[in-house]
Amino acid sequence: VAFGATGCGQLPEAAGKTLTSGLRLPEPFKVPLHIPRVLDPVSTGPDGDRYEVVETSREVEIIPGTRTTVWGYEGTFPGPTLHTRSGRGAVVRVANDLTVPTSTHLHGGLTPPDSDGYPTDVVVPSGYEPHNHSGHEEMAPPETWTYHDRAKDYKYPLRQPAATLWYHDHRMDFSAPQVYRGLAGFLLVHDDEEDSLPLPKDERDIPLMICDRAFEESGEFRYPALDPTLQRVPGVERAYMQGVQGDVTLVNGKPWPSLEVSATKYRFRILNASNARRYRLALNPGPRDGASFIQVGSDVGLLGRPINHETLTVTPAERFDVVVDFAKYPVGTRITLVNELESGAMHNVMQFHVVRQERDESRVPDKLANFTKLAEADAENTRRFDFRNYLESGGHKWTINGRTFTTTYVEAKPRLGSVERWRFTSDFHHPVHLHLAHFQVVSRNGRQPGPMDAGWKDTVDVRPFETVDVLARFDGFRGRYMMHCHNLEHEDMAMMANFDVV
Ligand code: C2O
Ligand code: CU
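Rules used throughout
Residues numbered from 1 in each chain as written. Chains lettered and ligands numbered in written order. Predicted model: local features only at pLDDT ≥ 70, side-chain atom pairs only at ≥ 80, totals over all residues. Pairing = 2+ DSSP bridges. Helix = DSSP H or I, 4+ residues; strand = E, 2+ residues; numbered from the N terminus. Axes fitted to C-alpha atoms, helices over the stretch in contact; angles between N-to-C directions. Domains from an automatic or database assignment. Contact = placed C-beta atoms within 7 Å. Buried ≥ 20, exposed ≤ 12 C-beta atoms within 10 Å, placed from the backbone. pLDDT = per-residue confidence, 0-100.

The subject of this paragraph is the sheet that holds strand β11 (residues 184-190). Taken in spatial order, the 4 strands make up an open sheet running β4-β11-β10-β6, and their pairing is mixed. This sheet does not close on itself; its edge strands, each paired only once, are β4 (82-85) and β6 (104-107). Ignoring strand direction, the axes of neighbouring strands in this sheet form an average angle of 25°. Taken together, the 6 bridges between strand β10 (residues 163-169) and β11 define a ladder with antiparallel strand orientation. Paired with Tyr 167 across the two strands is Gly 185, which belongs to β11.

Our next topic: the sheet that holds strand β24 (residues 346-356). Across the sheet, which stays open at both edges, the 5 strands sit in the order β16-β24-β23-β18-β21 with mixed pairing between neighbours. Strands with a single pairing partner mark the edges of an open sheet, and in this sheet they are β16 (258-262) and β21 (312-314). Pairwise comparison of adjacent strand axes, ignoring direction, gives a mean angle of 30° for this sheet. Of the strand pairs in this sheet, strand β23 (residues 334-340) and β24 are connected by 7 bridges, and their pairing is antiparallel. Its bridge partner lying in β24, Ile 335 is registered against Phe 352.

To continue, consider the domain arrangement of the chain. Assigned domains of the chain: these are domain 1 (32-195), domain 2 (202-356) and domain 3 (376-501). When each unit is reduced to the centre of its C-alpha atoms, the spacing between domain 2 and domain 3 is 25 Å. With 20 residues of domain 2 at the interface, the matching set in domain 3 holds 18 residues. Among the secondary structure elements, those contributing two or more residues to the side of domain 2 that touches domain 3 are β19 (293-298), β20 (301-309) and β21. No other element matches β20, which puts 4 residues into the side of domain 2 that touches domain 3.

With that settled, the discussion passes to the pairing of β23. Bridge count for strand β18 (residues 279-284) against β23 is 4 bridges, and the pairing is antiparallel. Bridge pairing in β23 links Asn 284 to Thr 336.

Positionally, Ile 35 belongs in the loop between α1 (13-19) and β1 (43-45). By C-beta crowding, Ile 35 is classed as partly exposed, having 14 other C-beta atoms within 10 Å. For Ile 35 and Pro 80, which are 45 residues apart along the polypeptide, the C-alpha to C-alpha distance reads 9.3 Å.

With that out of the way, let us pick up the confidence of the model for the chain. It should be kept in mind that the predicted coordinates are not to be read in detail where pLDDT is low. In this model, the chain carries an average pLDDT of 92, and 92% of its residues clear a pLDDT of 70 or more. This complex was scored by the predictor with a pTM of 0.94 and an ipTM of 0.98.

This part covers unusual backbone geometry. With an omega dihedral of -5°, the bond running from Phe 77 to Pro 78 counts as a cis peptide bond. Considering the arrangement of structural elements, one finds Pro 78 in the loop between β3 (68-73) and β4. That bond from Asn 284 to Pro 285 is cis: its omega, 0°, falls within 30 degrees of zero. Residue position: Pro 285 is located in the loop between β18 and β19. Despite not being glycine, Asn 401 has its phi angle at roughly 50°, a positive value.

Okay, structure coming up:
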């Protein structure tokens, strides 16, 4: 019997209350929504744009009246947003001013392998001794590491359509705590096709990074997986199985924020950047027309046609690019974005306050991007990947096809330019993510894919005992890439595998 096969991603309220204790949390919707700052390139040339980002530690105010030490790109959480252009390419120099190694992965990027943020391809801070930093030599033998001294130029050709990508830390064994401390930000790819659509733009095109955190009494982040005193708290002993979940919901790094909007359409690029929590997002009150969220894009591109949703189930690392039409509400309405639990309870995420009328020339056209549906007959090959927890004498093991990750074992060798059918099975909630390869979900348990599965994706919500089939396209580059569970605690416990594009 699998563990926690129900209710994954949803801590009971009582346990949640115990996580952040002794700290006065703000009343919901008192803190304004923060929009991450846009990072300008330091230079733009014929070969693309050049950006410079420093990873550094800084004290910021998250819970009003307290200080939290974040590890952030440019010292901010979320990191700055990069606006890039499809096919133009970007070089991002990431300098490490922290005290630990880092590796930066552009999630959703069609990136050459040496810039993909492989977990053992690390940037080390000055004076760092490059040995003994991982407790698992069998997972990552010393000779398989690559070290960059203080900085590395990540090259992103971005030969891919407009999409909401994000970048985050991917250090071997430590991605979860390092992302938890703040190492995540948006990189948006734009293209002519997107520009030609009359979707909401500029100040009505807003990225929303949703994640949960717990806090110490001092205001510092509390990472419960490492806290033995919490293992006895009901609900929290499951941190190991379910990953780390906090009881404070942050949107763009602020607790339960509020945004003043006009009675017009807005485009929200929703990212679940939580380590382990899944959300079922809804609007309260909803517009009651079944179109609370008009989805225009998925993880790695715009859809062919918009899809109306009343709720959005968002698993870690997934993106939903949606339009919300506040013209459906009278001025003065406060609309809460909530997380609906299986119990029927609703937890706050953030609030929208409709404060004025405004002209709105935007609309959601029936036809969005050119979308090519992959045909099942295109698949050259079918491969199976079983995501499973094993209880052994040494404890639990998170495995793919019976193995925990090693840097040396290659699980699959798809051919460059090919399409393959990959079948994921699972004993638990596992958000399955492929580097490099974008895919389309073609079936769930032998039936039609679900309402959240549309479009080009790089992460798919594989639920307990499900069989999910995707058609993946291995385009762009040869070399070593990886797939893994994006529950970041499962990932750090080695639920990853290599594939070589040959
Ligand atoms: Cu968003 Cu390999 O990760
Ligand atoms: Cu998992």
